[in-house]
Amino acid sequence: MSDLDLLTQSLARNVKHWRSVRGFTLDVLAARAGVSRGMLIQIEQARTNPSIGTVVKIGDALGVSITTLLDYEQGPKVRIVPADKAVRLWHTDAGSYNRLLAGTEAPGPLEMWEWLLMPGESSDSDPHPAGTVEIAHVTAGELTLTVEGAEYRVPAGASVTFEADAAHTYGNRGEVPTELVLTVSVPPVP
């Protein structure tokens, strides 16, 4: 079975599981996530490979991390994620990408990402649930972070924190690749 098949089946199983744990019907989860009921049915039946944006919306609505939704191995309290097991969820033809390095529930979803943004590229993010915070550390280049229309320049070696319940964009306006590590903390679903 391919990695993609494993992820698709894990996503199906985990969405069903967490929907049941939360006591959500398909209609309730669809409304909370802003995803169609038909899409949720296809996901739960492992008949589709949804976009990263759709997976993020479902995770946010369920109050669990993307790692939890894609996890196909339940292991001990210490979990090592080998480099070749980090999941690349977004990429462009120019070479920009993000990789989900690791995640856990603490008590809400907590994720750590690696990002590479090629010159002139950017990635938009919809607002996360209220109380979500992000921390980024730029290791190379310069990040242009836009939050609610305001731009913030974050050079290599610097870090930034922000409340991520507003639309935001990660961008590279420079002439060299921007590399960063990003942590996202989402509060648990009440």
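Now for a quick tour of the structure. Since the structure is predicted, the reported quantities are computational estimates derived from the model, not experimental observations.

Here we come to the overall build of the chain. Check the secondary structure of the chain and you find 5 helices and 10 strands. Taking 190 residues into account, the globule formula puts the C-alpha radius of gyration at 16 Å, and the chain, at 17 Å, falls close to it. C-alpha extents for the chain along the principal axes are approximately 45 × 35 × 35 Å. Put simply, the chain has 190 residues, and 42% of those count as buried. Restricting to contacts in the chain with at least 6 residues of sequence separation, those with at least 24 account for 64%. Total accessible area on the chain stands at roughly 9900 Å², and carbon and sulfur atoms take up 53% of it. The averaged location of the 23 negative side-chain charges in the chain is 9 Å from the averaged location of its 15 positive side-chain charges.

By the criterion of burial, strand 6 (residues 142-147) is predominantly enclosed, with 5 of the 6 residues buried. Between strand 6 and the antiparallel strand that follows it, strand 7 (residues 150-155), lie 2 residues; Glu148 among them carries a positive phi value of about 50 degrees. Note: strand 6 against strand 9 (residues 168-171), 4 bridges, orientation antiparallel. Note on strand 9: the bridge partner recorded for Leu145 is Tyr170.

Glancing now at the environment of Ala167. Secondary-structure assignment places Ala167 in the loop between strand 8 (159-163) and strand 9. For Ala167, a relative accessible area of 43% corresponds to the partly exposed category. Discounting residues that sit within four places of it in the chain, Ala167 has contacts with Ser125, Asp126, Pro127, Thr146, Val147 and Glu148.

Burial of strand 9 is two-sided: the residues His168 and Tyr170 facing one way and the residues Thr169 and Gly171 facing the other way are all buried. Of the strand pairs in this sheet, strand 4 (residues 122-125) and strand 9 are connected by 4 bridges, and their pairing is antiparallel. Counterpart to Ser125 in the pairing with strand 9 is His168.

Our next topic: the pattern of salt bridges. Evaluated as defined, the whole model comprises 6 salt bridges. Between Asp27 and Arg37 there is a salt bridge, and its shortest N-O distance comes to 3.0 Å. One end of the pair, Asp27, is in helix 2 (residues 26-33); the other, Arg37, is in helix 3 (residues 37-44), and 10 residues separate them in sequence. In this structure, the salt-bridge partner of Glu151 is Arg173, at a minimum N-O distance of 2.5 Å. Of this pair, Glu151 sits in strand 7 while Arg173 sits in the loop between strand 9 and strand 10 (178-185); the two residues are 22 residues apart in sequence, bridging distant segments of the chain. Three or more residues are tied together by salt bridges with common partners; here these are Glu142, Glu151, Arg153 and Arg173.

One number sums up the size of the largest pocket: a volume of about 540 Å³. The dominant element in the lining of the largest pocket, judged by the number of residues it contributes, is helix 4 (residues 52-62), at 7 residues. In the lining of the largest pocket, the residues fall into 16 nonpolar, 8 polar and 7 charged.

This part covers the sheet that holds strand 6. Across the sheet, which stays open at both edges, the 4 strands sit in the order 4-9-6-7 with antiparallel pairing between neighbours. The open sheet is flanked by strand 4 and strand 7, the only strands paired with a single partner. Direction aside, neighbouring strands of the sheet carry axes that sit 20 degrees apart on average.

On to the packing of aromatic side chains, then. Across all of its chains, the model carries 2 aromatic pairs by this definition. Ring centres 5.4 Å apart and planes at 45 degrees place the aromatic pair Trp90 and Trp115 in the tilted group. Highlighted residues: Trp90 in strand 1 (residues 87-91) and Trp115 in strand 3 (residues 109-117), separated in sequence by 25 residues. Overall, Trp90 belongs to the buried group, its relative accessible area being 17%. Judged by centre distance (4.8 Å) and plane angle (45 degrees), the rings of Trp115 and Tyr170 are tilted. A residue pair is termed long-range when its members are at least 10 positions apart, and Trp115 in strand 3 and Tyr170 in strand 9 qualify at 55 residues.

Definitions and limits used
- Residues numbered from 1 in each chain as written.
- Predicted model: local features only at pLDDT ≥ 70, side-chain atom pairs only at ≥ 80, totals over all residues.
- Heavy atoms only, no water.
- Helix = DSSP H or I, 4+ residues; strand = E, 2+ residues; numbered from the N terminus.
- Rg over C-alpha atoms; globule rule 2.2 N^0.38 Å.
- Buried < 20%, exposed > 50% of the residue type's maximum accessible area, 1.4 Å probe, protein only.
- Contact = heavy atoms within 4.5 Å.
- Areas by Shrake-Rupley, 256 points an atom, 1.4 Å probe, with all protein chains shown as cover.
- Lys, Arg positive; Asp, Glu negative; His and termini not counted.
- Charge placed at Lys NZ, Arg CZ, Asp CG, Glu CD.
- Pairing = 2+ DSSP bridges.
- Salt bridge = Lys/Arg side-chain N within 4 Å of Asp/Glu carboxyl O.
- 1 Å grid on protein atoms, 1.4 Å probe; cavity = no way out; pocket = protein on both sides within 12 Å on 5 of 7 lines; lining within 4 Å.
- Points joined across faces, edges and corners; volume = space filled by probe spheres on them.
- Nonpolar A, V, L, I, M, F, W, Y, C, P; charged D, E, K, R; others polar.
- Axes fitted to C-alpha atoms, helices over the stretch in contact; angles between N-to-C directions.
- Phe/Tyr/Trp six-rings, centres within 6.5 Å; stacked < 30°, edge-to-face > 60°.

That's the geometry; what it means functionally is another story.
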